[in-house]
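# Descriptive structure summary
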Amino acid sequence: MPVGFRWVRGHVRAERALVERFAAVPVAIVSDNMERMFAGGADLRPMHAQDGKGGGLAGTALTVLTRPGDNLLIHKAIDVAEPGDVIVVDAGGDTTSAVVGELIARHAQVRGVAGFVINGAIRDLDAFRTGSFLIFATGVTHRGPYKDGPGEIGVPVTLGGMVIHAGDIVIGDADGVLAVPRAEAKAILDLAEAQQAKEAETLRQIEAGAWDRRWVDELLKARGFTEE
């Protein structure tokens, strides 16, 4: 398989039950339990309809590295994807030509693809804003893609400094996108779910006017804070 035109097969997909548990946890809470070190970049934004009811993106990464402005290997990735996959595309962050539009996204949705994460541009924005398919991208343009390649499927990609391997768990909501390494996913999820429960209790205390605020003054005192 020549470098630049290949599909690296054989990655292990994350367990579906684990992915479904991640879908119920906000990205910010998962991020906290990865030491706030990883992110897909602030430019990577949801382009789909936002109904305010949650239900963000969660799936297993099928990675694509492609020449900026070209979607030949994205087409191939959709054709080999399995239901529940998130197609993660590194198109170099280029936003001068869209690599995904309404037709290709609809084909992906029919095949059971959970969504797209694209380091690059999309087009047909109105279709995404009124539809149910989940898509994150760094830009929008009416200019369409080329279909010449090169590109690779199943190789590690980088989005905003965040490395994503095929088989990792990818989650996304209004705060952005995060990749969770498959090997560490269970341990990270357990911590995130515990924090989620703790924050739910804190919200209850806030609503009841019973949130213990002593920690603020204790921390300030430890840092040498003074009043003048």
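Read on for a plain summary of the structure. Bear in mind that the values here come from a model prediction, so they are computed numbers and not experimental data.

### Notes on the nonpolar core
If you look at the biggest cluster of nonpolar residues, it comprises 33 residues, and the most contacted ones within it are Phe22, Val30, Val88, Val117, Ile164, Ile169 and Val170. Setting aside chain neighbours within four positions, we find Val170 in contact with Leu57, Ala58, Gly59, Ala61, Val86, Val88, Val117, Ile164, Val177 and Leu178. Within the second largest apolar cluster, 27 residues are counted, among which are Val89, Ala91, Ile104 and Ile118.

### Regarding the pairing of strand S7 (residues 134–140)
Among the seven residues that make up S7, five are buried, leaving the element largely enclosed by the rest of the structure. As judged from the two bridges shared by strand S2 (residues 45–46) and S7, these two strands associate in the antiparallel manner. When the bridges of S7 are listed, Pro46 appears paired with Phe136. Looking at chain direction, strand S6 (residues 115–122) and S7 are connected through six bridges and run parallel. Note that in S7 the partner of Val117 across the bridge is Phe136. One crossover worth recording links S6 to the parallel S7 by way of helix H5 (residues 125–130), and it is right-handed.

### Considerations on the pairing of strand S11 (residues 169–173)
Burial of S11 is extensive: five of the five residues sit out of reach of the surface. Burial of the side chains of S11 extends over both faces: Ile169, Ile171 and Asp173 are buried on one face and Val170 and Gly172 on the other. In the sheet, strand S3 (residues 57–66) pairs with S11 via four bridges, with the strands oriented antiparallel. The residue bridging Ala58 from the neighbouring strand is Ile171, located in S11. In this structure, S11 lies alongside strand S12 (residues 176–180), joined through five bridges in antiparallel fashion. Residue pairing in the sheet places Ile169 in a bridge with Val180 of S12.

Cut-offs and rules
- Along each chain, residue indices are assigned from 1 in the same order as the chain's sequence is written.
- In keeping with the predicted nature of the model, local features appear solely for residues at pLDDT of at least 70, side-chain atom pairs appear and are counted solely at 80 or more, and the whole-chain, interface and lining totals rest on all residues.
- Excluding hydrogens and water, the side-chain figures rest on all heavy atoms present in the structure.
- The term nonpolar core refers to a set of buried residues drawn from Ala, Val, Leu, Ile, Met, Phe, Trp, Tyr and Cys, joined through side-chain atoms within 4.5 Å.
- Whether a residue is buried, partly exposed or exposed follows from its accessible area with a 1.4 Å probe, protein chains only, as a fraction of its type maximum: under 20%, in between, or over 50%, in that order.
- Residue contacts follow a heavy-atom distance rule, with two residues in contact if any of their heavy atoms lie within 4.5 Å.
- Only DSSP runs of H or I with at least four residues qualify as helices, and only runs of E with at least two residues qualify as strands; both kinds are numbered from the N terminus onward.
- Pairs of strands are assigned from DSSP output, requiring at least two bridges between the strands.
- Clockwise travel from the first strand over the helix to the second, with the strands pointing away from the viewer, marks a crossover as right-handed.

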